[in-house]
Amino acid sequence: MPVPDRYRAAFSQSTLQTIESHAARFRVTDALFFRGAYTADVTENERRTFRPLLIAGADRFTLTRCGCQAAMKPADLCRHLAILVSHIAGDDGRLTSETFEQSVWRAIAFASFSEGRAIEESGPDDPREQLLRRYALTHQEQELLARGSGSPRLQFESSPWYRWAKAMFVRGEQAVLEQHGDAFHLRCNGHLLPVPASAVEQVINGAPELVARSGFEIAPLSLTPSLRIDITPTRALKFTPVLLGTLASSPAEQAASPPPVRERDAPCSAAETAAVRSNLPQFGKYFLIGNRFASLAPAPPMFVEKGPGGQAALFEVRSGAGLPYERESVVAEEEVYAFIERHRGELARMPESLAPEAVRNARPVRLDGEVVFDFAAAHKDLLEVAITFEHDVSATDIARARREGIRALVRGNLWIDVTDAQFTWLDDATLGPQGHVLVTKLELLRIRGSLRGKAVFRGDPSCERVFRLFDEIQTDTDAPSPASLGLDLYAYQQTGYQWLWLLQQNGFGGLLCDDMGLGKTHQAMALMAAMKGQKTLVVCPTSLIDHWKDKLARYLPDGNVTLTTYGLVRSRFEQFRGRSFDLLVLDEMQTIKNADTATHHALRGIEKRIAVGLTGTPIENHEGELKALLDFVVPGYLPKHVDDRATLQRLVRPFVLRRTKAQVLTELPPKIVDKRFCELTDEQRALYRRVLESRAKPLRAQLRAGAIVSYVHIFAALNYLKQICNHPASAGGGFGADVTSGKWEAFTELLDECLTSGLKVVVFSQYLAMLDLIEKHLEIRDVGYASIRGGTRERGAEIARFRDDSECRVFTASLRAGGLGIDLTSASVVIHYDRWWNQAREDQATDRVHRLGQNKGVQVIKLITRNTIEEKIDALIASKAALATDLIRPDDPSLVKQFTRDELDDLLAE
């Protein structure tokens, strides 16, 4: 055997030629190795014997010795060392120790040693072994051995198992692998030696001829990993790892039926079986099937979860890896419905042997289709109804499933998510005989509002009227005629009155939310008149008390009606304690939109049969206000939590009537809304920037730092900036009227144009100081005007003067005091001098002019100062004005006052 190439440089060419051409002159005996250290007896020409010693590194010798010479040159080692190297080198160029380290014997010995198995001593060590150890072991390793410690490898090399392995390796023992249950043994020279499970894979890889000689087959890549799906008793999905392949039991059968090439999702054939992975003995990468050692073919991941969280959130494995093939996984019942929806395609491709029909062809069903309500005859105040969804699923089926904690109701291959929010009402439902549900009229409407599917009526006709309350506007044509009650109502007003009458006949209250100016008061009075002799309490804002007195005196002079204000109910509640009313009418009901106020609580304490709310703005800021109002007029109707806006829209439909002017007043003259932009004067701009620097900049810094900032301070700064835009004199601080304003100049020019054209003008502002400046200007110009503010006592006289006096050309009003309950149809121009945070409030004020009785086109002008907070407020109003429209069809736009930090930061910026 020639010297391996990596070591040939250590010898001269003459030495290499000598050993290669005269190999027969040398005889090698008693070879010995330890790690990279080697020695042997080398006899030359059957005469003298030498004992060379070397330590081989990866590509050179780190130590060489031989008795033939006292010293040798590094590139001219002796021929005895060359013979030793050629003797210990194999056909593959590896040295004996390197081959031993990868041998079956070494693997078995090390595994047995690691497991603490005992073996008989094989006699004392060859003295040369100790010499080799002394050279091969480091000084530190020798010290560790002396103390009885060291690495597992070092301890193994000092054990009888190591000496046994070397002896078996050197002798090249012929062994046979035998299976005893799930364990393996080596039979060698009549002895049976257990093979540790951890060493079996190395036996398979390192001694394939031994495996074949023992009657076993090695079949790499012959198994495909997959998953078997089972539905557990708790309706979870359990994924059990299985292996797909041809499971023959003998070499002959294996030869006749080689492992098929198959797709992972292809069905298993008759000769193919899915074996549960955990049931098969496994040795490293090999599984024992019959007498075949089979390994896995690559397989793509199954049921990969996409998106944030993904697989890691569901199964606690690496995101994107799919379900594990190595261990069982479970998708809990609460996740099953969504899991099936996400993986329907992959589940459909599963073979029948691995997934039940209910999973493979699973159809997640949301029950959004037709819902049949089949009524039996009514029992006093209760309705008995059988409710059946599509696929013949009954409400009682779902109710029982929910009460038993079932989340997914499985019917064949249908999976019904019974946790769907539309079924929440069933948790408290009373289940009657024969699978029927017993409900009150109010509960019936709540059910219809909760369900998404189209409702179909069947059964007892006496129940249909209540059922139809949920459909398009239902009225009671049997209601007393308005004319017989002394009221002349328009057709749409008569519809509203008949709707209110139908509600009260069934014991329900409601919200009449028509546009301002459509006569909500008249519709309510028609209901009050129709409820002859029954006690009515009307509550309104103080600003409307005269308006109601006038209407009641005109239309219900003898009615059993008590009129009061919200403030009096709150402060003099004792006057109402113990009194009972058949009807409670709340005008401008948005006054009690906050359910936590003392006024709201006081009104709840008044005993009444039904309550009717009148408001043109059921939502000013957020939908919680609508909930508060509806909870008052129909207590106990709305669920505690309605997160879905579409569901809330369905729920409010029977109890909220909303008509716009565009719908019902087709003859009303047009309204043109115009925005007029103006610029800051130099003096205004300097003042505006000083305020931004001194007041707005510190607030922005706090907002950006995440600090809690008082909204009082923020709105104070914003209001000051708005007043500077109006007119520096209105902001205080010592500015006189001689200081001008870009907006003021635009306003006076616009006012002159209107007066010259003979038009009457209504001017709204939210700041009293600004109204003072406007009225002083009118007095200087000798222009007649009327005015309403919060402190105005003779509101009716001011309104009448503006209406009847041709010389009274201008009406000034604060937005709060003049925006409700008055008629200013003699005007044809509305000027909003400054913008309110809530567009609905502005629209209410505009509707004092553009309302029933107006016979002229109305021009609405909104003044906005460019590059200031006013322009930003206008943009916010435009972006946030559609909240109410989504809930009440249709509705005035409204503005959300709950700004985000980013929005506040922008408002305070330059």
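Above this text you will find the structure in question.
A short tour of the structure in this document, coming up. If you're wondering where the values come from, they're calculated on a predicted model, not measured in any experiment.

Rules and cut-offs
Residues numbered from 1 in each chain as written. Predicted model: local features only at pLDDT ≥ 70, side-chain atom pairs only at ≥ 80, totals over all residues. Heavy atoms only, no water. Helix = DSSP H or I, 4+ residues; strand = E, 2+ residues; numbered from the N terminus. Core = buried A, V, L, I, M, F, W, Y, C linked by side-chain atoms within 4.5 Å. Buried < 20%, exposed > 50% of the residue type's maximum accessible area, 1.4 Å probe, protein only. Contact = heavy atoms within 4.5 Å. Pairing = 2+ DSSP bridges. Axes fitted to C-alpha atoms, helices over the stretch in contact; angles between N-to-C directions. Salt bridge = Lys/Arg side-chain N within 4 Å of Asp/Glu carboxyl O. Right-handed = clockwise from strand over helix to strand, strands pointing away. Phe/Tyr/Trp six-rings, centres within 6.5 Å; stacked < 30°, edge-to-face > 60°. Lys NZ or Arg CZ within 6 Å of the ring centre and 35° of its normal. Parallel < 35°, antiparallel > 145°, perpendicular 65-115°, else oblique. Nonpolar A, V, L, I, M, F, W, Y, C, P; charged D, E, K, R; others polar. Disulfide = S-S within 2.5 Å. Arc of directions from axis to C-beta. Polar contact = N/O pair within 3.5 Å; in protein donor to acceptor, adjacent residues only side chain to side chain.

**Here's the deal with unusual backbone geometry**
With a phi angle near 50°, arginine 35 is a residue other than glycine that sits in the positive phi range. Summarising the element assignment, arginine 35 is placed in the loop between strand 1 (26–34) and strand 2 (37–44). Located in the positive-phi region is asparagine 867, a residue other than glycine, with phi close to 55°. As for its placement among the helices and strands, asparagine 867 is situated in the loop between strand 36 (858–865) and helix 34 (869–880).

**Here we look at the nonpolar core**
Leu630 and Tyr637 are the most contacted members of the largest nonpolar core, which totals 69 residues. If you tally residues by element for this core, the top one is helix 20 (residues 520–530), at seven residues. Each residue touching tyrosine 637, except ones within four places of it in the same chain, is listed here: Leu442, Leu445, Arg446, Phe470, Leu630, Leu651, Pro654 and Phe655. Counting 66 residues, the second-largest nonpolar core is a separate cluster that includes Phe34, Leu154, Val203 and Ala207.

**Details of the pairing of strand 7 (residues 183–188)**
The two faces of the sheet receive side chains in turn, since in a regular strand these alternate between them. Looking at chain direction, strand 6 (residues 176–180) and strand 7 are connected through five bridges and run antiparallel. Note that in strand 7 the partner of leucine 177 across the bridge is leucine 186. Connecting strand 6 to the next strand, strand 7, in antiparallel fashion are two residues, including glycine 181 with a positive phi near 70°. Where strand 7 lies against strand 8 (residues 191–195), five bridges are found, and the strand directions are antiparallel.

**With respect to the sheet that holds strand 20 (residues 408–411)**
What links the strands of a sheet is backbone hydrogen bonding, and the strands pair in either a parallel or an antiparallel sense. With respect to topology, three strands assemble into an open sheet ordered 16-21-20, the strand pairing being mixed. Of all strands in the sheet, those bounded by a partner on one side alone are strand 16 (363–365) and strand 20. The average angle at which neighbouring strand axes cross in this sheet is 25°, direction not considered. Pairing of strand 20 with strand 21 (residues 414–417) involves four bridges; the strand directions are antiparallel.

**Some remarks on the pattern of salt bridges**
A complete count under the given rule lists 49 salt bridges for this structure. Notably, a salt bridge pairs arginine 79 with glutamate 44, separated by 2.9 Å at the nearest N-O pair. With arginine 79 in helix 2 (residues 79–88) and glutamate 44 in strand 2, this pair connects stretches of sequence that are 35 residues apart. Here glutamate 44 falls in the buried class, since its relative accessible area comes to 9%. For lysine 675, the salt bridge goes to aspartate 874, with nearest N and O atoms at 2.8 Å. Placement of the pair is lysine 675 in strand 31 (residues 671–678) and aspartate 874 in helix 34, with a sequence separation of 199 residues.

**Observations regarding the pairing of strand 29 (residues 607–614)**
Bridge count between strand 25 (residues 510–512) and strand 29: three bridges; the pairing is parallel. Across the sheet, the residue bridging to glycine 510 is valine 612, located in strand 29. With seven bridges connecting them, strand 28 (residues 580–587) and strand 29 associate as parallel partners. Of the residues in strand 29, the one forming a bridge with aspartate 587 is leucine 614. Once you follow strand 28 into helix 23 (residues 598–604) and on to strand 29, the crossover reads as right-handed.

**Considering the packing of aromatic side chains**
Two aromatic rings are characterised by how far apart their centres lie and by the angle between their planes. Evaluated as defined, the whole model comprises 33 aromatic pairs. Among the aromatic side chains, those forming a connected cluster through ring pairs are Phe33, Phe34, Tyr38, Phe100, Phe110, Phe113, Phe156, Tyr162 and Phe169. Directly above the ring of phenylalanine 110 sits arginine 106, whose terminal nitrogen or CZ lies 5.0 Å from the centroid. Its guanidinium or amino end placed over the ring of phenylalanine 677, arginine 866 lies 4.1 Å from that ring's centre, counting from NZ or CZ.

**Examining the packing of helix 4 (residues 104–114) against helix 9 (residues 197–206)**
Relative to each other, helix 4 and helix 9 sit at 180°, their axes nearing to 9 Å. As the angle between them shows, helix 4 and helix 9 are arranged roughly antiparallel. Residues Val104, Ala107, Ile108 and Ala111 of helix 4 form the contact with helix 9, whose participating residues are Ser198, Ala199, Gln202, Val203 and Gly206. Classifying every residue of the contact of helix 4 with helix 9 by side-chain character gives six nonpolar, three polar and no charged.

**A short note on the state of the cysteines**
This model, assessed by the stated rule, comprises zero disulfides. Here cysteine 725 is not disulfide-linked; the sulfur of cysteine 678 is the nearest cysteine sulfur, at 8.2 Å. Residue cysteine 725 is classed as buried on the basis of its relative accessible area, which comes to 0%. Here cysteine 808 is not disulfide-linked; the sulfur of cysteine 754 is the nearest cysteine sulfur, at 15 Å. Assessed through its relative accessible area of 1%, cysteine 808 is described here as buried.

**What to know about helix 5 (residues 127–136)**
Among all positions of helix 5, only Arg128, Glu129, Leu132, Arg133 and Ala136 are buried. All buried residues of helix 5 project into a common sector of 145° when viewed along the axis, lining one side. Across from the buried face of helix 5, at angles greater than 90 degrees, the exposed residues are Pro127 and Arg134. Tucked inside the fold, the buried residues of helix 5 contact strand 1, strand 2, strand 4 (53–56), helix 6 (139–146), helix 7 (152–157) and helix 8 (160–171). Its side-chain oxygen at 2.8 Å from the backbone nitrogen of arginine 128, aspartate 126 defines the N-terminal cap of helix 5.

**Re the sheet that holds strand 25**
The six strands are arranged 27-26-28-29-25-30 in an open sheet whose pairing can be described as parallel. Lying at the two open borders of the sheet, with one neighbouring strand each, are strand 27 (561–565) and strand 30 (656–657). One ladder, built from four bridges, connects strand 26 (residues 536–540) with strand 28; its direction is parallel. Within strand 28, the residue paired with leucine 537 across the bridge is leucine 584.

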